Amino acid sequence: QQPVQSPQAVILREGEDAVINCSSSKALYSVHWYRQKHGEAPVFLMILLKGGEQKGHDKISASFNEKKQQSSLYLTASQLSYSGTYFCGGNTGNQFYFGTGTSLTVIP
Amino acid sequence: EPEVTQTPSHQVTQMGQEVILRCVPISNHLYFYWYRQILGQKVEFLVSFYNNEISEKSEIFDDQFSVERPDGSNFTLKIRSTKLEDSAMYFCASSLYSGEHSYEQYFGPGTRLTVT
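Residues numbered from 1 in each chain as written. Chains lettered and ligands numbered in written order. Predicted model: local features only at pLDDT ≥ 70, side-chain atom pairs only at ≥ 80, totals over all residues. Heavy atoms only, no water.

Caption draft 1: Structural detail: the overall build of chain B. Summing up its helical and strand segments, chain B has 0 helices and 11 strands in all. Ordered by position from the N terminus, the helices and strands of chain B form the series β-β-β-β-β-β-β-β-β-β-β. Looking at chain B residue by residue over its 116 residues, the buried ones come to 47%. Summarising the internal contacts of chain B: among those between residues at least 6 apart in sequence, 55% fall at separations of at least 24. Here chain B displays about 5800 Å² of accessible surface, and carbon together with sulfur accounts for 45% of that area. Side-chain charges of chain B comprise 9 positive and 15 negative groups, with the mean position of each set lying 6 Å from the other. (Helix = DSSP H or I, 4+ residues; strand = E, 2+ residues; numbered from the N terminus. Buried < 20%, exposed > 50% of the residue type's maximum accessible area, 1.4 Å probe, protein only. Contact = heavy atoms within 4.5 Å. Areas by Shrake-Rupley, 256 points an atom, 1.4 Å probe, with all protein chains shown as cover. Lys, Arg positive; Asp, Glu negative; His and termini not counted. Charge placed at Lys NZ, Arg CZ, Asp CG, Glu CD.)

In structure tokens:
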């Protein structure tokens, strides 16, 4: 059962913030976040390993609530380059589950 | 910077034919994966490979599929008797560790398979 993401799609104006949520029914060892641009491979953004862990990279950060098996990705002051489809994912054992995906479009 | 490479970038084949998709993972990585992405849909896990054997596989990875590490560098996905619905982008990925010591996966650029 793959993780479920919300929203499915979001359109932002440059400079606005967004939150993408990810919820798993299976207990995951960790949560990964990837961004995929059209026609390209997914690119790793960050991994959260421990319950309650938060991480940040530039204006993109994330949190992972291990008890609830929920993770959120926070994009602040969005840039045009943030456009793409965002996938959360995680593994139980050696099988990796990608989330349902969130399409993010940043417009000028 | 080390990267995962895949060949060919695009493969066109006729229904019923066999195809082999090739990948060269990052050299010091231990875990290798194949994923499939049908156009406009989510990325789907096919199989993971560790220590020269399949570690886990999904329901999609049936007898039509097989993987091999024929030498120290290549990692291949063979699809026998291709069907129209096998048309998709196939991504190879590798990571240093997996499981509880999960590490990020590095993806190759993908092979677009078109079955006609």
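Still more ground to cover, so stick around.
Caption draft 2: Region of the structure containing the interface of chain B and chain A. Taken together, the contacts link 23 residues of chain B with 21 residues of chain A. When chain B packs against chain A, close to 1800 Å² is buried across both sides, 56% of that on carbon and sulfur atoms. Across the contact surface, chain B and chain A share 0 salt bridges. For the pair chain B and chain A, the number of links is 2 residue pairs in polar contact (both at pLDDT 80 or more). Elements represented by at least two residues in the side of chain B that touches chain A include exactly strand 4 (31-37), strand 5 (43-50) and strand 6 (53-57) of chain B. (Buried area = accessible area lost by both parts, 1.4 Å probe. Salt bridge = Lys/Arg side-chain N within 4 Å of Asp/Glu carboxyl O. Polar contact = N/O pair within 3.5 Å; in protein donor to acceptor, adjacent residues only side chain to side chain.)

Caption draft 3: Expanded view of unusual backbone geometry. A cis geometry characterises the amide bond from A:Ser6 onward to A:Pro7, with omega recorded as -5°. Here the bond from B:Thr7 into B:Pro8 is cis, since omega is -10°, no more than 30 degrees from zero. The topology assignment puts B:Pro8 in the loop between strand 1 (5-7) and strand 2 (10-13). In this structure, B:Asn52 is a non-glycine residue whose phi angle is positive, near 65°. Its location among the elements puts B:Asn52 in the loop between strand 5 and strand 6. Overall, B:Asn52 belongs to the exposed group, its relative accessible area being 57%.

Caption draft 4: Highlighting the layout of surface pockets. Its volume calculated, the largest pocket comes out at about 380 Å³. In this structure, the largest pocket is lined by 19 residues; those nearest its centre are A:Gln36, A:His38, B:Gln37, B:Gly40 and B:Gln41. Residue assignment for the lining of the largest pocket shows that the elements contributing at least two residues are strand 9 (84-92) of chain A together with strand 9 (88-95) of chain B. Of the residues that constitute the lining of the largest pocket, the class distribution is 5 nonpolar, 10 polar and 4 charged. (1 Å grid on protein atoms, 1.4 Å probe; cavity = no way out; pocket = protein on both sides within 12 Å on 5 of 7 lines; lining within 4 Å. Points joined across faces, edges and corners; volume = space filled by probe spheres on them. Nonpolar A, V, L, I, M, F, W, Y, C, P; charged D, E, K, R; others polar.)

Caption draft 5: Quick peek at the confidence of the model for chain A. Summarising the model, chain A shows a mean pLDDT of 89, and 92% of its residues fall at 70 or more. Here strand 6 (residues 54-57) of chain A stands out as the least confident element of chain A, with mean pLDDT 66; strand 2 (residues 9-13) of chain A is the most confident, with 97. (pLDDT = per-residue confidence, 0-100.)

Caption draft 6: Broad picture of the nonpolar core. Grouped together as the largest cluster of nonpolar side chains are 22 residues, with contacts concentrated most on B:Trp34, B:Leu46, B:Val67, B:Phe75, B:Leu77 and B:Tyr90. If sequence neighbours within four positions are ignored, B:Tyr90 has contacts with B:Gln6, B:Leu21, B:Trp34, B:Tyr35, B:Arg36, B:Leu46, B:Phe65, B:Leu77, B:Ile79, B:Gly110, B:Thr111 and B:Leu113. Judged by nonpolar contacts, the second largest core, of 21 residues, contains A:Leu12, A:Cys22, A:Leu45 and A:Leu75. (Core = buried A, V, L, I, M, F, W, Y, C linked by side-chain atoms within 4.5 Å.)

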